[in-house]
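Observations on the three-dimensional arrangement
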Amino acid sequence: MVTGSAPSEAQRTRAGVFYALAAFFMWGLAVPLHFKLIAAVPALQILAHRIVWASVFALGLILASRQWRKLIEALTSGRRLLLLCLSAGLIAINWLIYIWAVNSGHLVQTSLGYFINPLLNVVLGVLFLRERLNPAQVAACVIAALGVLVLAVSSGEMPWVALALASSFGFYGLVRKIVPVAPLIGFCVESLLLTPLALGYLTYVAAQGQSVAFRGDLRLDALLVLTGLSTALPLIWFAAAAQRLKLSTIGLLQYLAPSGQLALGVLVYEEAFGWIDGMAFSLIWIALGIYTASALRSSSPAAKPAEADEAAR
């Protein structure tokens, strides 16, 4: 008699949606609110604590799940380690810009960066992975570029925060795409690679009397330690969702995170958002709509024979 059975496809999908919603809720609302609570701490110190505590948390998960052999294998593989060094540098840059932007009143620009990111990924795929664009994807990229141009003309400067976030995370995703390593293992290796630099910096600021941590403010200390949890958890949940859902479903749900950031910036923290900003974001949303419709169409059952013919060439 069978006492248990494998989960059905519907159960896997429901679990995947739950994991995805949890990850995007964290990225869209919980993480920026978390950083706002420690806005008085210099961005570089927040980054250093985020790296150290994320590595502790990820390492604990790997040891608890007995994946330490895979971790050692990743750390001793020359090519993989070199690529993970590159991805670690890119994600550190992305984190630093994000922390600074959130705590400097640029949540609207952070949301713009993550709205742009999926379209930038398309461009990077063409440039580095020899992927081909269909006409809808070309139109989406052109319309999104027009939206960025509208913001640049209206403000007199390019939206550098948004572009830096989109490009650093886009190149990070590109590097991780070509590294044959599991998400949790890769994240742990990246954190461990960055930890000596983070500890060195924290030691330096402590010696200079400029450290804000562990000076009697237990609430602040707890919030800094929890940056490791708020960093690792959504990444793990996202990986769990990606295993259970279609990429097209993930693509639709991923816009929840920047939508949450935009709502926080405009409605809660009252960042400037005029009609020109609305026009620029509308162009980018139109571009995302075209891109998403194209992705859904290409992943539909009717598109499968065409994809099979393409793969056979």
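We now turn to the structure provided with this report.

Thresholds, definitions, all that
- Residues numbered from 1 in each chain as written.
- Predicted model: local features only at pLDDT ≥ 70, side-chain atom pairs only at ≥ 80, totals over all residues.
- Heavy atoms only, no water.
- Helix = DSSP H or I, 4+ residues; strand = E, 2+ residues; numbered from the N terminus.
- Rg over C-alpha atoms; globule rule 2.2 N^0.38 Å.
- Contact = heavy atoms within 4.5 Å.
- Areas by Shrake-Rupley, 256 points an atom, 1.4 Å probe, with all protein chains shown as cover.
- Lys, Arg positive; Asp, Glu negative; His and termini not counted.
- Charge placed at Lys NZ, Arg CZ, Asp CG, Glu CD.
- Phe/Tyr/Trp six-rings, centres within 6.5 Å; stacked < 30°, edge-to-face > 60°.
- Buried < 20%, exposed > 50% of the residue type's maximum accessible area, 1.4 Å probe, protein only.
- Lys NZ or Arg CZ within 6 Å of the ring centre and 35° of its normal.
- Core = buried A, V, L, I, M, F, W, Y, C linked by side-chain atoms within 4.5 Å.
- Axes fitted to C-alpha atoms, helices over the stretch in contact; angles between N-to-C directions.
- Parallel < 35°, antiparallel > 145°, perpendicular 65-115°, else oblique.
- Left-handed = near helix turned anticlockwise from the far one by under 90°.
- Nonpolar A, V, L, I, M, F, W, Y, C, P; charged D, E, K, R; others polar.
- Expected span 1.5 Å × (residues − 1).
- Salt bridge = Lys/Arg side-chain N within 4 Å of Asp/Glu carboxyl O.

Looking only at helices and strands, one finds 13 helices and zero strands in the protein chain. Reading the secondary structure of the protein chain in the N-to-C direction produces α-α-α-α-α-α-α-α-α-α-α-α-α. The C-alpha atoms of the protein chain give 21 Å as radius of gyration, which agrees with the globular expectation for 313 residues (20 Å, within 12%). With the C-alpha coordinates aligned to their principal axes, the bounding extent of the protein chain is approximately 65 × 65 × 40 Å. Considering only contacts within the protein chain whose residues lie at least 6 apart along the sequence, 84% involve residues at least 24 apart. Carbon together with sulfur atoms contributes 68% to the accessible area of the protein chain, which is approximately 16200 Å² in total. The average position of the 20 basic charges and that of the 13 acidic charges among the side chains of the protein chain differ by 10 Å.

On to the environment of F24. If you trace the backbone, F24 turns up in helix α1 (residues 9-37). Along the backbone, F24 and V108 are 84 residues apart, and their C-alpha atoms lie at a distance of 17 Å. With near-sequence residues (within four places) excluded, F24 lies in contact with F238, I250, L253, Q254, L256 and A257.

Here we come to the packing of aromatic side chains. Counted under the stated rule, the structure contains 14 aromatic pairs. Between F18 and Y19, the ring centres sit 6.0 Å apart and the planes meet at 65°, which makes this aromatic pair edge-to-face. The exposed category is assigned to F18, whose relative accessible area is 57%. Judged by centre distance (6.1 Å) and plane angle (70°), the rings of F35 and Y98 are edge-to-face. Taken as a pair, F35 in helix α1 and Y98 in helix α4 (residues 78-103) lie far apart in primary sequence, 63 residues in all. Per residue, the accessibility class of F35 equals that of Y98, and both read buried. An aromatic cluster is built from F35, Y98, Y114, F169 and Y172, whose rings are joined through pairwise contacts. Sitting above the plane of the Y269 ring, K36 keeps its charged end 4.5 Å from the centroid. One Lys or Arg, R50, reaches over the ring of W95 and ends 4.6 Å from the middle of that ring.

Ranked by size, the top nonpolar core spans 48 residues in total, and within it F35, I38, Y98 and I185 carry the most contacts. Put simply, the parts of the chain that give this core at least two residues each are α1, α2 (43-64), α3 (68-75), α4, α5 (107-129), α7 (160-177), α8 (183-207) and α9 (218-244). Counting residues per element, this core draws most heavily on α4, which supplies eleven residues. The next biggest cluster of nonpolar side chains, apart from the first, holds 23 residues, and it includes A140, L283, I284 and L288.

Right, let's get into the packing of α1 against helix α11 (residues 256-268). Running from amino to carboxyl end, α1 crosses α11 at an angle of 25°, the nearest separation of the two axes being 8 Å. Comparing their axes, α11 and α1 come out roughly parallel. The two elements α1 and α11 meet at a crossing, and its hand is right-handed. Contacts between α1 and α11 pair L21, F24, W27, G28, L29, P32 and L33 from the former with L256, A257, G260, Q261 and L264 from the latter. A breakdown of the residues in the contact of α1 with α11 according to their chemical character gives nine nonpolar, three polar and no charged.

To continue, consider the packing of α5 against α7. When two helices pack together, their arrangement is given by the angle between the helix axes and the distance between those axes. At a minimum axis distance of 7 Å, the contact between α5 and α7 shows a crossing angle of 45°. Taken together, α5 and α7 sit at an angle that is classed as oblique. Two packed elements cross with a definite hand, and for α5 against α7 that hand is right-handed. Contacts between α5 and α7 involve Q109, T110, L112, G113, Y114, I116, N117, L120, N121, L124, F128 and L129 from the first element and W160, V161, A162, L163, L165, A166, S167, F169, G170, F171, L174 and K177 from the second. Here the contact of α5 with α7 is composed, by residue class, of 16 nonpolar, seven polar and one charged.

Another point: α4. Since one α-helical turn is 3.6 residues long, residues separated by three or four positions face the same way. Over its 26 residues, α4 extends 38 Å from the first C-alpha to the last, a length consistent with the 38 Å expected when each residue adds 1.5 Å. At the C-terminal side of α4, G105 shows a positive phi close to 80°.

Attention now moves to the environment of A240. Here A240 shows up in helix α9. When its relative accessible area of 13% is taken as the criterion, A240 is described as buried. Sequence-wise, A240 and A48 are 192 residues apart; in three dimensions their C-alpha atoms are separated by 27 Å.

Summed over the entire model, instances satisfying the criterion amount to two salt bridges. The shortest N-O distance in the salt bridge between E73 and R80 comes to 3.1 Å. Classification of E73 by relative accessible area gives partly exposed; the value is 43%. By relative accessible area, R80 is classed as buried at 17%. Here R176 makes a salt bridge to E190, at a shortest N to O gap of 3.2 Å. Linking R176 in helix α7 with E190 in helix α8, this pair joins segments that are 14 residues apart in sequence. Residue class for E190 comes out buried when judged on its relative accessible area of 2%.

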